[in-house]
Every structure is written in structure tokens, then in C-alpha cells.
Amino acid sequence: MSSLRTPLKNALGLGSARQGSHHFIIQRVTAVALVLLGVWFVWTVLSLLHLDYAGAHALVAQPCNAVLLLAFVVTVFWHAQLGLQVVIEDYVHARGSQLALQLTVKFLCFLGAAASVLAILKIALGR
Amino acid sequence: MPATARPLSPHLGIYRWQIQMVTSILHRATGIALAAGTILLVVALLALASGPDAWAKVAAFCGSWIGMILMLGWTWALAYHLLNGIRHLVQDLGYGYKPEQFVRNGWVVTLGSFVLTGLVWACVLAQRGGA
């Protein structure tokens, strides 16, 4: 198989990282989860619309809703980060800006997930 | 960049617009739009955690004209990405790949996304009228 590699690849000695399918699989796993969680989320937002602050707070504070909302936000940011990574890989070719953009997206997605989790926990556990 | 100019494979400027490429492009575009939309999700959750004043600001923004247009756009983006995402999962299992099936389920997903958006906003407007 080494004959199919470019001379540069041979010189660098870099073969497969052996995790090519991991990204693909996790993207599908989170997608399946989001089909279910997404429908639940839209339903919940629709039932939030006619509520005031106290009502909305109480609805999110219900253990069942809080757990599903936690699952939703974590899965959303996980899936978003995987998808945006592929888009950046495909369209941003300059090495420096691609690296900067990839890191920015990963960091922002982690921060978004962390902030959402903190907010949901505060709503669910606080009095 | 390669040192020698190599021939490029046909790209957007060559192909005639067709449903196969539109569904693919829209899936990425709606994905990016939804990722941007998570900003509002985070802000709303933080507002709900921090108190009635912050929540009132978020509610006022969502009720404003800009807010309503954004929410309508995100509703459609979510409806499309959800339906076309299910289509992708079905394709991953090996179904719906024949050209005529591919074209048909592409149209089903595209038109379905507008139907789904309409249903969700019918619920929104019905609640508004009732409240």
C-alpha cells in the first residue's frame, strides 16, 4: 500500500490515525439523540410561551424536564462542534486560520455547554 | 498550493442547480444557522437562572420584530435540519439512493420543512390569540 502514498507522506511516516470512523459514528449517535430531544425541546418551548417567569422557572426546574434539557444542550453543542469542524475543514484552507477557527469553535461550544449546564442546575437545584 | 496547475473537478459554476445539491447545501447552511442560534438558547437559560428582570429582557427581544423573524428562521432551519438529518440517517442505512427516490425524498424533506414550520407557528399564534 505504501506505493499509493506520496513521497512526502512516506518521509513524514504518518499513516492512518486509526480514528477516522470515530467522528462519523459520534455525529450519527448525537443525531439520533437529537431527533428525539429536538422534538421534545420544541414541544417544551411551545408550552413555555404562555407562562410568566415563575411558571417558566418551575417548568424547567421539574426534574424530568431539567434532565432532558441537560441532555439536549450537551448533545446540541457536541453535535454542533462536530458539524462545524467538517465545514471548516472543507472551506478554510489556510493552515493558520483553519487552526484558529477550529480552536475558537471548540472553545465556544464547550463554554456554551458549560454555561447552559450551570444555568439549568441553578434553576433545578436553587430555591 | 500545488506547484503545477492541475485540472479542477467540476464545481458550482459548472453544475446546473438541482435538488440533490440544494438539499446538501441547505443542510450545512441550516446547521451553521442553528449553531449560531444556540447563543439565544444559552442567553435564555442564563436569564431564567438569574431572575425575572433578565428573563423579561429576553422575552421582550423574542417578542420584537427582529426576534420574531429570527425565531421563524430558526424554526425553519431546525425543521429542515431535523427532516433532512433523518433522511441522511436513512441513507446511511443504505436506503433511498436510487436517483428518482433521491430526488423525491429531497422534495419531501424540503416541502415537509415548510409544513412543519407552519404547524409550529400555528401553535405559537394560537397561544398568542388565546392569551
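The structure this text deals with has already been given above.
Below you will find a few notes about this structure. Everything numeric in this text was worked out from a predicted model, so none of it was measured.

**Comments concerning the overall build of chain A**
Helix and strand counts for chain A come out as five helices and zero strands. Listed by position from the N terminus, the elements making up chain A come as α-α-α-α-α. Over its C-alpha trace chain A gives a radius of gyration of 20 Å, far above what one expects of a compact globule, namely 14 Å for 127 residues. Viewed in the frame of its principal axes, chain A has a C-alpha envelope of about 65 × 25 × 25 Å.

**Side note on the side chain of Gln-102 of chain A**
All names here are of chain A. Positionally, Gln-102 belongs in helix H5 (residues 95-125). Given a relative accessible area of 9%, Gln-102 falls into the buried group. With near-sequence residues (within four places) excluded, Gln-102 lies in contact with Gln-85, Ile-88 and Glu-89.

**Regarding the pattern of salt bridges**
Once the charged atoms of two side chains with opposite charge are near each other, the side chains can pair. A complete count under the given rule lists two salt bridges over all chains for this structure. Among the salt bridges present, the one from Arg-28 of chain A reaches Asp-92 of chain B, with a minimum N-O distance of 2.7 Å. Highlighted residues: Arg-28 of chain A in helix H2 (residues 20-48) and Asp-92 of chain B in helix H3 (residues 65-92), drawn from two different chains. Linking Asp-90 of chain A and Arg-28 of chain B is a salt bridge whose minimum nitrogen-to-oxygen distance equals 2.8 Å. Taken together, the residues span two chains, with Asp-90 of chain A in helix H4 (residues 63-91) and Arg-28 of chain B in helix H1 (residues 19-50).

**Thoughts on the interface of chain B and chain A**
Contacts between chain B and chain A engage 25 residues on the former and 36 residues on the latter. For the chain B and chain A pair, buried surface summed over both sides reaches about 2400 Å², with 79% attributable to carbon and sulfur atoms. Counting the surface chain B buries against chain A, the share from its top three residues, Arg-28, Leu-45 and Leu-48 of chain B, is 25%. Applying the counting rule to chain B against chain A returns two salt bridges. Our enumeration of links across chain B and chain A arrives at seven residue pairs in polar contact (both at pLDDT 80 or more). Those elements that place two or more of their residues in the side of chain B that touches chain A are H1, helix H2 (52-63), H3 and helix H4 (99-130) of chain B. Along the lines of polarity and charge, the residues of the side of chain B that touches chain A split into 18 nonpolar, five polar and two charged.

**A word on the nonpolar core**
Leu-69 and Phe-72 of chain A together with Leu-45, Leu-48 and Trp-55 of chain B are the most contacted members of the largest nonpolar core, which totals 27 residues. Put simply, the parts of the chain that give this core at least two residues each are H2, helix H3 (53-61), H4 and H5 of chain A together with H1 and H2 of chain B.

**Regarding the packing of aromatic side chains**
Enumeration according to the criterion identifies four aromatic pairs over all chains in this entry. Relative to Phe-72 of chain A, the ring of Phe-41 of chain A has its centre 4.3 Å away and its plane inclined at 15°; by these criteria the two rings are stacked. Taken together, the residues Phe-41 of chain A in helix H2 and Phe-72 of chain A in helix H4 connect sequence positions 31 residues apart. For the pair shown, Phe-41 of chain A and Phe-72 of chain A are each scored as buried. Considering the side-chain rings of Trp-76 of chain B and Phe-114 of chain B, the 5.7 Å spacing of their centres and the 25° angle between planes classify their relative orientation as stacked. Separated by 38 residues along the polypeptide, Trp-76 of chain B in helix H3 and Phe-114 of chain B in helix H4 bring together distant segments of the chain. Phe-114 of chain B sits in the exposed class, given a relative accessible area of 51%. Ring pairs connect the aromatic residues Trp-76, Tyr-80 and Phe-114 of chain B, which therefore count as one cluster. The aromatic ring of Phe-102 of chain B is capped on one face by Arg-87 of chain B, whose charged end is 4.6 Å from the ring centroid.

Reading guide: rules and limits
- Residues numbered from 1 in each chain as written.
- Chains lettered and ligands numbered in written order.
- Predicted model: local features only at pLDDT ≥ 70, side-chain atom pairs only at ≥ 80, totals over all residues.
- Heavy atoms only, no water.
- Helix = DSSP H or I, 4+ residues; strand = E, 2+ residues; numbered from the N terminus.
- Rg over C-alpha atoms; globule rule 2.2 N^0.38 Å.
- Buried < 20%, exposed > 50% of the residue type's maximum accessible area, 1.4 Å probe, protein only.
- Contact = heavy atoms within 4.5 Å.
- Salt bridge = Lys/Arg side-chain N within 4 Å of Asp/Glu carboxyl O.
- Buried area = accessible area lost by both parts, 1.4 Å probe.
- Polar contact = N/O pair within 3.5 Å; in protein donor to acceptor, adjacent residues only side chain to side chain.
- Nonpolar A, V, L, I, M, F, W, Y, C, P; charged D, E, K, R; others polar.
- Core = buried A, V, L, I, M, F, W, Y, C linked by side-chain atoms within 4.5 Å.
- Phe/Tyr/Trp six-rings, centres within 6.5 Å; stacked < 30°, edge-to-face > 60°.
- Lys NZ or Arg CZ within 6 Å of the ring centre and 35° of its normal.

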